[in-house]
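Structural description and commentary
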Amino acid sequence: LMGNITGNQDRPRFTSLADGTLDTDEDMKFQGWTRDIQHGGADGYAKMRLLMSYLMSVPGIPCVYYGDEIADVGGNDPDNRRMMRFGGLNREEHLTRDWTATWANLRRSRMSMLYGNTEFEVINRDVLRVRRTYLNEVTDVYMNRSSVPVALPDGSMQPERMLAGFLSDGARLPAYGAVAFDLNP
């Protein structure tokens with residue numbers, strides 16, 4: 001199977017690109033040598049969580065580059081090889097680590113997420129539905145790439161069937177959010 005990768009040692013950290021702290025028009029290796037690259041707000045964390053949801057929901061082998069499970073930052077090599085941190089995590093790093101663990105466990109514990117047939121449906125320009133089916137087990141994953149919460153299609157939200165993620169206001173998919181539902185009868 002093809003491996004799907006969050007990042008690697010030859011590229012800048014996804015989080016630093018996603019939150020805009022790296023200037024993509026400049027040499028990102030030079031930026032890593034000359035700047036102390038840190039988080040530029042909460043968007044990078046949220047986008048990393050969305051990437052983790054996607055990675056665990058699509059066919060292939062999920063490969064998480066060390067530090068991405070907490071949304072670590074950095075420019076190009078060698079800045080993206082900072083020492084791994086296991087303690088002293090901030091609130092967003094804890095949330096991202098727990099989110100990654102939840103989605104990895106979902107992937108590991110459901111046959112549909114491991115071996116299932118896959119259907120992609122673009123609900124609108126910001127929402128993607130991934131349906132994974134294996135025998136009678138069906139998992140629906142909704143992902144929002146927008147910076148604002150969005151309503152899910154009628155009938156898709158059944159909180160008692162939620163496997164991972166969360167809804168805001170009880171019925172909306174949060175900005176850069178993802179949610180998985182068990183559709184088994």
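Here's what I pulled together on the structure shown here. Keep in mind the model is a prediction, meaning the values are calculated, not measured.

This part takes up unusual backbone geometry. A cis amide bond links Asp77 to the next residue, Pro78, at an omega of 15°. Positionally, Pro78 belongs in the loop between β2 (61-63) and α4 (91-109). For Ala71, which is not a glycine, the phi torsion comes out positive at approximately 65°. Using a relative accessible area of 0% as the deciding quantity, one classes Ala71 as buried. Here Leu135, not a glycine, exhibits a phi torsion of approximately 50°, which is positive. Its location among the elements puts Leu135 in the loop between β4 (127-134) and β5 (137-144). Judged by relative accessible area, which is 74%, Leu135 ranks as exposed.

Take a nonpolar patch on the surface next. On the surface, Met111, Leu114, Tyr115, Tyr134 and Leu135 cluster together to form a nonpolar patch covering roughly 510 Å² of accessible area. No other element matches the 3 residues that helix α5 (residues 111-115) contributes to the nonpolar patch.

Taken as a whole, this structure holds 5 aromatic pairs when the rule is applied. With 5.9 Å between their ring centres and 35° between their planes, Trp99 and Trp103 make a pair best called tilted. Residue Trp99 and its partner Trp103 are located together in helix α4, separated by 4 residues, close to a single helical turn. Just as Trp99 is buried, Trp103 falls in that class too. Seen from their ring centres, Tyr115 and Tyr134 are 6.3 Å apart, and the 50° between their planes marks the pair as tilted. With Tyr115 in helix α5 and Tyr134 in strand β4, this residue pair connects regions lying 19 residues apart in the sequence. Through successive ring pairs, a cluster of aromatic residues spans Trp99, Trp103 and Phe166. Positioned above the aromatic ring of Tyr66 is the side chain of Arg13, whose terminal nitrogen or guanidinium carbon lies 5.0 Å from the ring centre.

Rules of the game
- Positions within a chain are numbered from 1, following the residues in the order the chain's sequence is written.
- The predicted origin of the model limits local features to residues at a pLDDT of at least 70 and limits the giving and counting of side-chain atom pairs to 80 or more, whereas totals for whole chains, interfaces and linings rest on all residues.
- Side-chain numbers here rest on the full set of heavy atoms in the structure, without hydrogens or water.
- Only DSSP runs of H or I reaching four residues or more are called helices, and only runs of E reaching two or more are called strands; each is numbered from the N terminus.
- Partly exposed describes any residue whose relative accessible area lies between the buried limit of under 20% and the exposed limit of over 50%, with all areas from a 1.4 Å probe on protein chains only and scaled to the type maximum.
- For patch building, the residue pool is restricted to those with more than 30% relative accessible area and no salt bridge; the joining distance is 9 Å between like charges and 5 Å between nonpolar side chains (Val, Leu, Ile, Met, Phe, Trp, Tyr).
- In short, Shrake-Rupley with a 1.4 Å probe defines the accessible areas, and a residue's cover is counted only from the protein chains shown.
- Definition used for salt bridges: Asp or Glu carboxyl oxygen within 4 Å of a side-chain nitrogen of Lys or Arg.
- Classification of ring pairs uses Phe, Tyr and Trp, with its six-membered ring standing for Trp, and accepts pairs whose centres are within 6.5 Å; under 30 degrees between planes counts as stacked, over 60 as edge-to-face, and the remaining range as tilted.
- Two conditions define a charge sitting above a ring: the NZ of Lys or the CZ of Arg must be within 6 Å of the ring centre, and it must be within 35 degrees of the ring normal.

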